[in-house]
Amino acid sequence: MSKSELFNSHHRLTMRLWLPLSIIASWAFLATFLPLFSLTPDAIDLTNILAPPSLEHWLGHDELGRPVADRLISGAQTSFFVSLCVVALGVSLGGVLGVSSAYLSGWIDAVFVRMVDIMLAFPGLLLAIALAGALGPGIGNVILALGIVGWVGYARLARGQVLALKHADHVLAAHAIGAPPWRIIFHHLLPLIMAPLIVEASFGIAGAIIAEAGLSFLGLGVQPPAASWGSMIRDGTRYMLVSPHLVIFPGLALMAVVLAANMLGDWLRDRLDVKEQSSRGKS
Amino acid sequence: MTHFLVTRILSAMLAIFGVICLVFLLIHLIPGDPVEVMLGESAQPTDKESLRHALGLDLPIHQQWWIYFKGLLHLDLGTSLFSGRAIGDLLIERIPVTLYLSLVSLVVAIGLALPLGLVAAVRQHTPLDYGAMGFALFGMSIPNFWMGPLLILVGALWLGWFPVSGQEGWNSVVLPALTLGTAMAAILARMIRSSVLEVLGEDFMRTARAKGLSSTRAVLQHALPNALLPILTLLGLQLGGLLGGAVITETVFAWPGLGLLMIEAIQQRDYPVVQAAVLCISVTYIVVNLLTDLLYAWLDPRIQFTTGDG
Amino acid sequence: MRTSFHDYDYLSPVCFAIRSPITCFMGRLSVFQLSWGKWLLVFGLFSIVGCSESLPDYTLRFGLANAPTNLDPRYATDATSARLNRLLYSRLVDFGEGTIPIPALATWRKLSPTHYRFDLQEPKPLFHNGTQLSAYDVKATYASILNPDMASPHRGILQIITRIDTPTENTVDFFLTQPDALFPGYLVIGILPANLIANRHPFHDHPMGSGVFQFLDRPDDTRLIIERRADGQRVEFVRIPDPTVRTLKLLANEIHLVQNDLPPELVTYLSAHEGITLQQRQGANFAYLGFNQLDPVVGQELVRKAIAHAIDREHIIQFVLRGRARVAQALFPPEHWVGHASLAGYTYDPEEAKRLLKEAGYDHDHRPTITYKTSTDPFRLRLATIIQYQLDQVGIDVSIQSHDWGTFYGDIKSGRFQMYSLAWVGVKSPDIFRYAFHSDATPPVGANRGHYADALADRLMTQAEQTLNKQEQQTIYRSLQARLLDTLPYVPLWFEDHYALASPTITGYQLSADGNFDGLNQVRWLGSPSVPPNYLARHYP
């Protein structure tokens, strides 16, 4: 079949791994080394208002004459920073709580399960919006709101994994030789449940990027003059009739990174052979 | 069966109770003095005191909680600080509008996801499969608030087929429902694919094929109904995403539902309305999930009614 | 054209019988659409379809950025409410297009410096409930504004009225505490029926006046429907906060009129479309930055002067407003009779601004921080971001807080702000100075929201009010404006031009000089048969 030869393994690996990896890598690079570039994302230049893309400024200028390219990179930093913090917060908090709960079992576990159920009873994004609304706008509050919502999925996953592993031979053996609980958790359980957690985290990054952009789109995230892809899209939609580049570029950037994170998650899941979690819809 | 029913309903009620407690605490999450935040800084002390009293924020917290809870039992959600209207009335106006959008989106999502997922599963590892799954991946990755404006541009301005926004005429629901539906269709299509693949591998399917049933008929007659079962649960869970996503989509399309109410209330610092909207959406979500679970139990003959929720 | 086609959905079948063959054909199409409705009904969605029922045709839709906050003229202070109230109520005195008061409901005579007699002109209008407007209604309206318990924000300037008499049902006598040359110009508030005032009728929600239009319905907080009494032409005001959506809806002919509140780019974009007509006039609405004088930072005159020097108004007007404004130095434009053409304003001078800040005790390490409140309107937010940047350039940290218009305006009215930007709209008469700047006019009595208190300014206001010589009054008001520019309770920004954009389906809308909606009195619908009002009336109980 000549058609499917197109999708031979080499080709597919390029598509499934290297493409998303390069997108994520350049995103992370731009975000981390932002200070090295001499960018002026906030510099207002009234003479350049809504200037279309040109040779000198590839992506043109926005409604205040600020360079869109610079703001895009500054927005990359915002999304990178927020999603990294949110996922790190979620994985560490959720992982530790989930593992401990499963390990300790008994009434602690029962209470924990109920708590998780209640948190999962909120549609995630809705709770994040309400929390961000209550805490007030600002990047710190966005991280807090998304973190509060995000840890539950990881906790539930970690708990489920540990319950399945708890009676594995090496854990029972460690018990038998009198290893302290923290040692069992950190040395014998956590390494084994890392794979599904990593898969979940890579999808979590995609979710966090969209959520941050969504909150900023609603005006609950970064505040002017700071740049976020979400707020750039929101501002861009107001001028999409006259300057479509303002809404197209941040949207493309956002979609590319989210797509890359999702593809990477898919690849990791297949590679690490983790079964698709039906809980993903919840978190 | 009764045991399952009772435990499931009890756990749903517990979840509702928990949601009420958390929503109650929302107003106390406001940094600093919530009354000051609601009125704006440098508010008159007398204004602050009267609002504090009106909201009962001058009482000890357990008493506040009890008053809030008692009010809910009487379906009294308080009054809006902004418009002075009863919040219950506001919700009753907005709920059907959001529900309508959600249901149409659900129809869009299923209508898109079913053929995509089926084709992908039946033609596994062919360009068709990759195409469908690639499409699904795109659908998952396009944010609502980007797709919405693009759809407005194309569907309302260039083609002129649909109203730009708001709820006017029967066709105004199309664009927001497409926006919401595609994101959900993407996830659904992936689930349908893997679910159908799983069923295709099972014994009864091999038997059916061995009996000479054409593979299309085998899939439609035997595989699909079985594959749809796990998807039912997912559908319930997805509705949560739908209701959450509706907040953004309603903002983009000025769709006068609960989500828009909530965003406006946040902008108006009308926190009692925010609380009520969150409560309302979450409770709907719990109830829908309860119903899908019960439906699942009723549909699936294999289920054992001794366990609680999985 | 899809316009009328779209609007025909859900008309009752009875209507089809009286239509021409073409509309009958459309009617058949809509029967098909109706079956969609039935299809949905199967799923128990009947109530929802009911919600989505579109209005009957021939309703002219007017897109607004902000909903009116109060349709009771005794309380309305925001521009949208005031403009709508002009349509719904009639008033004793009007300013028309000029800056000199002219008779509206009544002509007046000055019987003594403190005694004015107003004679209602025939024909006296009917209230929308059918009763005829009389002198008693005039008295009741002003009496209720003067009642301190009613806490009307317009009470401040009207407090010079000591007594209102009604010798006949066509005559009202106003007695003043002191002579005031501007007096008849104060009586611009819409007249309410006396019996409804007595019954505490909720005018803010269900206005009842004697204007050209009558109130019909307010289906939700985004829509308001009124009807022209002469011919039953309906006008629906639709609140569409997003300017892009307003633009798109005008292009799609879902709304037919927009006025102001659009980014200049979209005005240009729209006016380039065939059929869309753009009207433009120089405006006199004064945009300014307001300050809380009680605040430790912006309460300092030096800081306000630094701000005045830090903002590059010329460039903002040239590039952001695209020339659709002119620089303002005072509340009144030069062409107004108290306007002061030779006022020397603050030039854009960042160095001077830095120097002033240093003088006020701020420097690099100790920068002043200001919270700047504005509405969520994207164009206002855009201007705010520019001002934020320009202030940052001279060493002032600004954080922007944007709120929904109603919330924002509520904050400003009750003095909850450090710095904000807003505009005075439709100001005609210099009594605004007492209303906005007199130390006694702090809310709720007046609109001195920043608690500006300056003995010299107070004295000038009193002097001007006591003078009956217009020339002298003019001189005093000019020195008052110089004083205000010197002490800066407001940093003056600019006067924005007015513009109205109309879809090709309507005609006859005249943009007024102060941006009010009076053009709706003459607007006509193009390209449709005239509609018998009783046919339309069936859609509203």
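Residues numbered from 1 in each chain as written. Chains lettered and ligands numbered in written order. Predicted model: local features only at pLDDT ≥ 70, side-chain atom pairs only at ≥ 80, totals over all residues. Heavy atoms only, no water.

### Describing the overall build of chain C
Quick note on the threshold: Counting from the N terminus, the helices are DSSP H or I runs at least four residues long and the strands are E runs at least two residues long. Any two residues whose heavy atoms approach within 4.5 Å at even a single point are treated as in contact. Working definition of accessibility: Shrake-Rupley area with a 1.4 Å probe, residue cover restricted to the visible protein chains.
Looking only at helices and strands, one finds 18 helices and 19 strands in chain C. Look at the contacts in chain C between residues 6 or more apart in sequence, and 68% of them connect residues 24 or more apart. As presented, chain C carries roughly 21,200 Å² of accessible surface, and 55% of it is formed by carbon and sulfur atoms.

### Re the confidence of the model for chain A
All names here are of chain A. The condition is simple: The pLDDT score gives, residue by residue, the confidence of the prediction method on a 0 to 100 scale.
For chain A, mean pLDDT is 85; residues scoring 70 or higher make up 92% of the total. Across chain A, helix α9 (residues 229–237) holds the top mean pLDDT of 92, while helix α1 (residues 2–5) sits lowest at 46. Within the model, pLDDT remains below 50 along residues 1–7, and this stretch shows five contacts once partners closer than five positions in the same chain are excluded. The low-confidence segment residues 277–283, where pLDDT is below 50, has 18 contacts with residues more than four positions distant or belonging to other chains.

### Looking at the interface of chain A and chain B
Quick note on the threshold: Accessible area that two parts lose when put together, with a 1.4 Å probe and added across both, is what the buried area reports. The term salt bridge refers to a pairing of a side-chain nitrogen on Lys or Arg with a carboxyl oxygen on Asp or Glu at a separation within 4 Å. Residues adjacent in sequence count toward polar contacts only when both atoms are side-chain atoms; beyond that, a polar contact is any pair of N or O atoms within 3.5 Å, and within protein one must be able to donate a hydrogen and the other to accept it.
With 49 residues of chain A in contact, the opposing surface of chain B contributes 49 residues. Together chain A and chain B conceal approximately 4,300 Å² of surface at their shared face, both sides included; 78% is due to carbon and sulfur atoms. Viewed at the interface, chain B and chain A are joined by one salt bridge. Of the charged contacts, one joins arginine 190 of chain B and aspartate 266 of chain A as a salt bridge, the two residues approaching to 2.5 Å between their closest N and O atoms. There are four residue pairs in polar contact (both at pLDDT 80 or more) connecting chain A and chain B. Top contributing element to the side of chain A that touches chain B by residue count: helix α10 (residues 245–272) of chain A, with 12 residues.

### Section: the interface of chain A and chain C
Contact with chain A, which involves 19 residues of that partner, is made by 21 residues of chain C. The three residues of chain A that bury the most area against chain C are Leu46, Arg238 and Leu241 of chain A, which together make up 36% of that side's buried surface. Connecting chain A to chain C are zero salt bridges. Summed over the shared surface of chain A and chain C, the result is five residue pairs in polar contact (both at pLDDT 80 or more).

### A word on unusual backbone geometry
Spelled out, the test is: Each residue is assigned to one of three classes by its accessible area relative to the maximum for its type, calculated with a 1.4 Å probe on protein chains only: buried under 20%, partly exposed between the two thresholds, exposed over 50%.
Of note, the bond from proline 224 of chain A into proline 225 of chain A is cis; its omega dihedral lies within 30 degrees of zero at 10 degrees. By the element assignment, proline 225 of chain A lies in the loop between α8 (181–217) and α9. For the bond from glutamate 122 of chain C to proline 123 of chain C, the omega torsion is -5 degrees, close enough to zero to count as cis. Its place among the elements puts proline 123 of chain C in the loop between β5 (115–120) and α5 (135–146). In the Ramachandran plot, arginine 200 of chain C falls in the positive-phi region, its phi being about 55 degrees despite a non-glycine side chain. Note that arginine 200 of chain C resides in the loop between α7 (194–198) and β8 (213–220). Its relative accessible area of 67% is what places arginine 200 of chain C among the exposed residues.

### Thoughts on the nonpolar core
Let me state the cut-off plainly: Each nonpolar core is a collection of buried residues, namely Ala, Val, Leu, Ile, Met, Phe, Trp, Tyr and Cys, held together in the definition by side-chain atoms within 4.5 Å.
Counting 243 residues, the largest nonpolar core has Leu289 and Ile307 of chain C as its most contacted members. Apart from residues lying up to four places away in sequence, leucine 289 of chain C is in contact with Ile307, Ile311, Tyr372, Ile387, Met419, Tyr420, Ser421, Pro489, Tyr490, Val491 and Leu493 of chain C.

### With respect to the pattern of salt bridges
Per the stated rule, a full pass over the model turns up 47 salt bridges over all chains. A salt bridge links lysine 428 of chain C to aspartate 514 of chain C, with the shortest nitrogen-to-oxygen separation between them at 3.1 Å. Placement of lysine 428 of chain C in the loop between β16 (419–424) and α15 (432–437) and of aspartate 514 of chain C in the loop between β18 (506–507) and β19 (524–525) is noted, with a sequence separation of 86 residues between them. For the pair formed by lysine 428 of chain C and aspartate 514 of chain C, the shared burial category is buried. Through salt bridges with shared partners, a single ionic network connects Asp42, Asp62, Arg66 and Arg71 of chain A.

### Overview of the environment of arginine 322 of chain C
Residue and element names in this part refer to chain C. Here arginine 322 shows up in the loop between α11 (313–320) and β13 (325–327). Its relative accessible area of 38% is what places arginine 322 among the partly exposed residues. Distance in space between the C-alpha atoms of arginine 322 and threonine 374 is 21 Å, their sequence separation being 52 residues.

### Focus on the pairing of strand β14 (residues 369–375) of chain C
Residues and elements named next belong to chain C. The condition is simple: Strands qualify as paired when DSSP identifies two bridges or more between them. Orienting the strands away from the viewer, one traces the path from the first strand over the helix to the second; a clockwise path indicates a right-handed crossover.
Counting buried positions over the seven residues of β14 gives six, a clear majority of the element. In this structure, β14 lies alongside strand β15 (residues 397–403), joined through seven bridges in parallel fashion. Bridge pairing links threonine 369 to aspartate 397 in β15. Each parallel crossover has a hand, and the one from β14 via helix α13 (residues 378–393) to β15 is right-handed. Where β14 meets β16, two bridges bridge the pair, whose relative direction is parallel. Looking at β16, one finds that tyrosine 372 is bridged to methionine 419.

### Observations regarding the packing of aromatic side chains
Residues and elements named next belong to chain C. Note the following rule: Only the six-membered ring of Trp is used, alongside the rings of Phe and Tyr, when aromatic pairs are assigned; centres must lie within 6.5 Å, and planes under 30 degrees apart are stacked while those over 60 apart are edge-to-face, with the rest tilted. Look at NZ for Lys and CZ for Arg. If either is within 6 Å of the ring centre and within 35 degrees of the ring normal, a charge sits over the ring.
Applying the stated criterion to the full structure yields 36 aromatic pairs over all chains. For the ring pair phenylalanine 62 and phenylalanine 517, a centre distance of 4.7 Å and an interplane angle of 50 degrees mean the geometry is tilted. Of the two residues, phenylalanine 62 sits in strand β1 (residues 59–64) while phenylalanine 517 sits in the loop between β18 and β19, which places them 455 residues apart along the sequence. In this pair, the class of phenylalanine 62 matches that of phenylalanine 517, namely buried. Among the aromatic residues, those joined into a cluster by ring pairs are Phe286, Tyr288, Phe332, Phe417, Tyr420, Phe433, Phe437, Tyr452, Tyr477, Tyr490 and Phe495. In this structure, arginine 163 is placed above the aromatic ring of phenylalanine 175, and the distance from its NZ or CZ to the ring centre is 4.1 Å.

### Considerations on a nonpolar patch on the surface
Residues and elements named next belong to chain A. Short version of the rule: A residue counts toward a patch only above 30% relative accessible area and without a salt bridge, and it is joined to like-charged neighbours within 9 Å or, for Val, Leu, Ile, Met, Phe, Trp and Tyr, to nonpolar neighbours within 5 Å.
Together, Leu104, Trp107, Ile108, Val111 and Met115 make up an exposed nonpolar region whose accessible area comes to about 530 Å². Ranked by residue count, the leading element in the nonpolar patch is helix α4 (residues 106–120), at four residues. Position of leucine 104 among the secondary structure elements: in helix α3 (residues 68–104).

### Details of α13 of chain C
Residue and element names in this part refer to chain C. Formally: Expected helix span is given by 1.5 Å per residue-to-residue step, counting one fewer step than there are residues.
Taking 1.5 Å as the rise per residue, α13 with 16 residues should run 22 Å; its terminal C-alpha atoms sit 23 Å apart, in good agreement. A large share of α13 lies buried, amounting to 12 of its 16 residues. Those residues of α13 lying buried are Pro378, Phe379, Leu381, Arg382, Leu383, Ala384, Thr385, Ile386, Ile387, Gln388, Gln390 and Leu391. If you check the start of α13, you find a side-chain oxygen 3.0 Å away from the backbone N of phenylalanine 379, and it comes from aspartate 377. Just downstream of α13, glycine 395 is the residue with a positive phi angle, here 105 degrees.

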